[in-house]
Amino acid sequence: MATTTSAMLHNFPFALSNHHHPKLSSFTCRTSLAYTHKACALAFNGGRFLRRPPRSQKSATPIRAFGLNSRFLQMGSPETSSSREISMKSVGGESSGTSTVSQTVFGIAHLIVSLGIILAMDKFLKAAFVVAAIKFPSALFGMFCIFSVLVILDSTVPAVATGLMNFFEPALIFIQRWLPLFYVPSLVVLPLAVRDIPAASGIKICFIIVGGWLASLSVAGYTAIAVRKIVKTEMTDAEPMAKPSPFSPIEVWAWTGIFLVSFVSALVYPTILGTSARTCLPFLLASTVLGYMVGSRLPSDVKKVFHPIICCAVSADLAALAFGYLSQSGLDPILGYYLTKVSSNPGAGDVLMGFLGSVILSFAFSMFKQRKLVKRHAAEIFTSVILSSIFSLYSTALVGRLVGLEPSLTVSILPRCITVALALSIVSLFEGTNSSLTAAVVVVTGLVGANFVQATLDKLRFRDPIARGIATASSAHGLGTAALSAKEPEALPFCAIAYALNGIFGSLLCSVPAIRQSLLAVVG
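Residues numbered from 1 in each chain as written. Predicted model: local features only at pLDDT ≥ 70, side-chain atom pairs only at ≥ 80, totals over all residues. Heavy atoms only, no water.

Caption draft 1: Looking closely at unusual backbone geometry. Even without being a glycine, Ala-133 presents a positive backbone phi close to 55 degrees. Tracing the backbone shows Ala-133 in the loop between helix H2 (78-131) and helix H3 (138-156). Residue class for Ala-133 comes out exposed when judged on its relative accessible area of 62%. Despite not being glycine, Gln-328 has its phi angle at roughly 60 degrees, a positive value. For Gln-328, the location among the structural elements is in the loop between helix H11 (308-326) and helix H12 (331-338). On the accessibility criterion, Gln-328 (74% relative accessible area) is exposed. (Helix = DSSP H or I, 4+ residues; strand = E, 2+ residues; numbered from the N terminus. Buried < 20%, exposed > 50% of the residue type's maximum accessible area, 1.4 Å probe, protein only.)

Here it is, written out as structure tokens:
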């Protein structure tokens, strides 16, 4: 208000020092002038004077104060009034622009801090578990800790729990927005991962993926329906879940610029960032992000065949192929730079997969937000998820043995229905596994679910949103969840809960040595 008043006074053609009134010449104008068709108000140092024009008066008449010769507050001149109006609008626009910039800066800083805390927590837990030689997913332990803290705070100091949820909200929206990207690296390097796998074994794996997905979906869905008929719990509205914003043209152009500049720089100076992997990282990362942005804008009919995840992988592979051709180094070395699995020399894929731990930690916040829903429908959710997790693990082991798949490959695809972050942790508990194959199978399972889940649910006559959500997440994890919730938002809360719990129970089961031994016995 002070800025606006100052600007108004600056535009008024008068000087208080030359005013004819001896007492009012020393006054300081501290408040603003408000003049309308019905009333004009003038306030000086707390005093307020009001003048109402006659009802018949259609246009504003000049207001003259403190003497006939004074030019103070003359409003009869259209040019003067217009200039003051333009000045006020310009000052308001500048103030609004400054406020918008400050809010943007604060929002970015808030995102960096909240996301940084989650990433730092994940890194710390990983290092601590390695030092302690603990064979248990560190991110899963962190998730339990966060969830427990939120529950305790909610029962003792609810305001603090709400404050923590609000503080980490930007980080959770960021993770949700870019979640599919964290699955992409395994598809990008798939040509390297499957090179040593015989074609016959590849066909068997594809059979297990498609058949296993359909079987897991059926088990979870029918279990949820059966339990719902027993408990007869009525549905209530779930807590609203924030949706990430679509990608803006500025983001697309920014990543395009990063890709072009870094691609040319890597061609001219192959080790400008110290190593080839680091030098290739910017343009390979940019090509992956651009593929996701383009894929997200495709029509829904096209997405059924060409999912954004596939668009990501194709975009990154094309960029690697082009660079390999122009640099005469070939495709394989560039794909090797994409996912090095070396922390001191990371590639674009290593950066993306570095967020997988934060995805698991974010489960704590989503489950806490839907805690009332989980409590109300605990029987349906927990029964369906537990049975589906057990069925998926043991059925995969059994079918792999029946079709004659190599034991090492069978063990590698055991966690096919569990999200990538926890699936990699699970296979690390076994010896002689192919983690790249594990990640690829998990992503392909999600793609199958994303493309066919809605039609399959309709064919199986699953009408209940709870059954549809649990069946989708238990069989196709995050990608299936995203596909179903885009068209059926009422199923999203149950998808999100089952998506998290399915990975949690699967990890807990495989962490028990006796269960691991029983799975190996089934595999043969």
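Caption draft 2: How the structure looks around the packing of aromatic side chains. In total, this model carries 17 aromatic pairs according to the counting rule given. With a centroid separation of 6.1 Å and 75 degrees between ring planes, the pair formed by Phe-382 and Phe-505 is classed as edge-to-face. Linking Phe-382 in helix H16 (residues 378-402) with Phe-505 in helix H21 (residues 492-510), this pair joins segments that are 123 residues apart in sequence. Of the residues examined, Phe-382 reaches a relative accessible area of 28% and is grouped as partly exposed. Among the residues examined, Phe-505 registers a relative accessible area of 18% and is labelled buried. Members of the aromatic cluster, connected to one another through ring pairs, are Phe-174, Trp-178, Phe-182, Phe-247, Tyr-292 and Phe-355. Looking at Arg-371, its charged tip hangs above the ring of Phe-368, at a distance of 4.0 Å from the centre. (Phe/Tyr/Trp six-rings, centres within 6.5 Å; stacked < 30°, edge-to-face > 60°. Lys NZ or Arg CZ within 6 Å of the ring centre and 35° of its normal.)

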